[in-house]
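Listed here are the chains, written in short residue letters.
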Amino acid sequence: MDDLWYSEYHTPNVKFSLKLTQQLHHEKSEYQLISVFDSPEFGRFLTLDGIMMLTERDEFIYHEMITHPAMAVNPEIKNVLVIGAGDGGVVRELGKYSGIKKIDVVEIDQRVVAVCKKYLPKTACGFNDPRVHLHFQDGLKFVRRVMNQYDLIIVDSTDPFGPGEVLFTKEFYGNCLNALTEDGILINQHESPFYKEDAQAMTSAHRCIAHAFPISCVYQAHIPTYPSGHWLFGFASKKLHPIDGVKEEQWKGMGIKTRYYNSQLHKGAFGLPTYVKEMLEDE
């Protein structure tokens, strides 16, 4: 136990490792392997099929950046659909907004939610909000049946293989467009641009979203435990622009407490490195 490590290959030639205190949980659900570990540096963390999903120490960066930029562009959002997000972090952040009336969470694997409630209460506390309604089913099938209903859709998916693969398709994003109201916004985790395989998933997702939505932009955050630390998110809408349309003063006046996101960072996050812009322009 003095030298127990969790290791994840980010590429065949790059490995990311964390020293462990102990393994808290391990099971094979109907859909995937679910594990929870404890570490001295990053606290407890969740892996699905051996891929790190979140750690207690840096999850706030991911969850704030996938949630607050959309709310700053349209603080009047009332109805939200979250696809994935079985750890509860996204709904925890959404819960900070008193104006939101309903949050539907569609998570395919009921066991992820149960495990996170038991071992990761700092994120899973979001499920205690009475506005949250859990639906344990396939996200693609759920969104197919919805028309003009949601002001915001957040796609907090796993990587584009296994249960999360259908959430990276043209059909899925086209259905999201139909499910949104006229002022609706789609946010998705957009993978990393740095390593080749991740970059291919990133450009593929961007191509599908840009094909479906009139406005499609990409923004970034630094998340230490994700591959390369450089992570992207997608912002898409029918008519609201993420920079020109941001309601900075209104959002600041709401007094939302954050540790990473702020109104100045909002604008800067859309300023992408040249190599990323070139990859997106090539698409």
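Up top is the structure.
Computed from a predicted structure; not experimentally measured.

Asks: I'd like a rundown of helix α8 (residues 196-212), residues and numbers included.
Replies: Spanning 17 residues, α8 covers 25 Å between terminal C-alpha atoms, matching the ideal 24 Å at 1.5 Å per step. Along its buried surface, α8 packs onto α7 (170-179), β11 (180-189), β12 (215-222), β13 (230-237) and α11 (274-282).

Asks: Which residues make up the packing of aromatic side chains, and what are the values?
Replies: In this structure the tally under the stated criterion is 12 aromatic pairs. When the centroid spacing of 5.2 Å and the interplanar angle of 25° are considered together, the rings of F37 and F45 count as stacked. By relative accessible area, F37 is classed as buried at 10%. One aromatic cluster in this structure is built from Y62, Y219, Y226, W231, F233, F235 and F270. Here R57 stacks its cationic end above the ring of F42, 5.6 Å away from the centre of that ring. Over the ring of F60 we find R259, and its NZ or CZ is 3.8 Å from the ring centre.

Asks: Can you explain α11? Please cite residues and give values.
Replies: Taken as a whole, α11 has its buried residues at V276, M279 and L280. What you see down the axis of α11 is that its buried residues fit within an arc of 95°, all on one side. Opposite the buried face of α11, by more than 90 degrees, sit the exposed residues T274, E281 and D282. Residues of α11 that are buried in the fold lie against α8, β12 and β13.

Asks: Run through the sheet that holds strand β5 (residues 43-48), naming residues and quoting values.
Replies: The strands making up a sheet associate through hydrogen bonds between their backbones, and the pairing can be parallel or antiparallel. Read from one edge to the other, the open sheet built from 4 strands follows the order β3-β4-β5-β6, with strand pairing classed as antiparallel. Each of the sheet's edge strands pairs with one partner strand only, and the pair in question is β3 (22-28) and β6 (51-55). Adjacent strand axes in the sheet meet at a mean angle of 20°, parallel and antiparallel pairs treated alike. Note: β3 against strand β4 (residues 33-39), 6 bridges, orientation antiparallel. By the bridge assignment for β4, Q22 is matched with D38. Packed onto the sheet, helix α4 (residues 110-119) meets β3, β4 and β5 and runs at close to 160° relative to β3.

Asks: I'd like a rundown of the nonpolar core, residues and numbers included.
Replies: If you look at the biggest cluster of nonpolar residues, it comprises 55 residues, and the most contacted ones within it are L46, L94, I103, L152, I187 and F233. Per-element accounting of this core gives the leading share, 5 residues, to α4. Ignoring sequence-local partners within four residues, the contact set of L46 consists of I34, S35, V36, I51, M52, M53, L54, C116 and L120. V143, A179, L186 and A236 belong to the second largest nonpolar core, which has 22 residues in total.

How each quantity is defined
Residues numbered from 1 in each chain as written. Predicted model: local features only at pLDDT ≥ 70, side-chain atom pairs only at ≥ 80, totals over all residues. Heavy atoms only, no water. Helix = DSSP H or I, 4+ residues; strand = E, 2+ residues; numbered from the N terminus. Expected span 1.5 Å × (residues − 1). Contact = heavy atoms within 4.5 Å. Phe/Tyr/Trp six-rings, centres within 6.5 Å; stacked < 30°, edge-to-face > 60°. Buried < 20%, exposed > 50% of the residue type's maximum accessible area, 1.4 Å probe, protein only. Lys NZ or Arg CZ within 6 Å of the ring centre and 35° of its normal. Arc of directions from axis to C-beta. Pairing = 2+ DSSP bridges. Axes fitted to C-alpha atoms, helices over the stretch in contact; angles between N-to-C directions. Core = buried A, V, L, I, M, F, W, Y, C linked by side-chain atoms within 4.5 Å.

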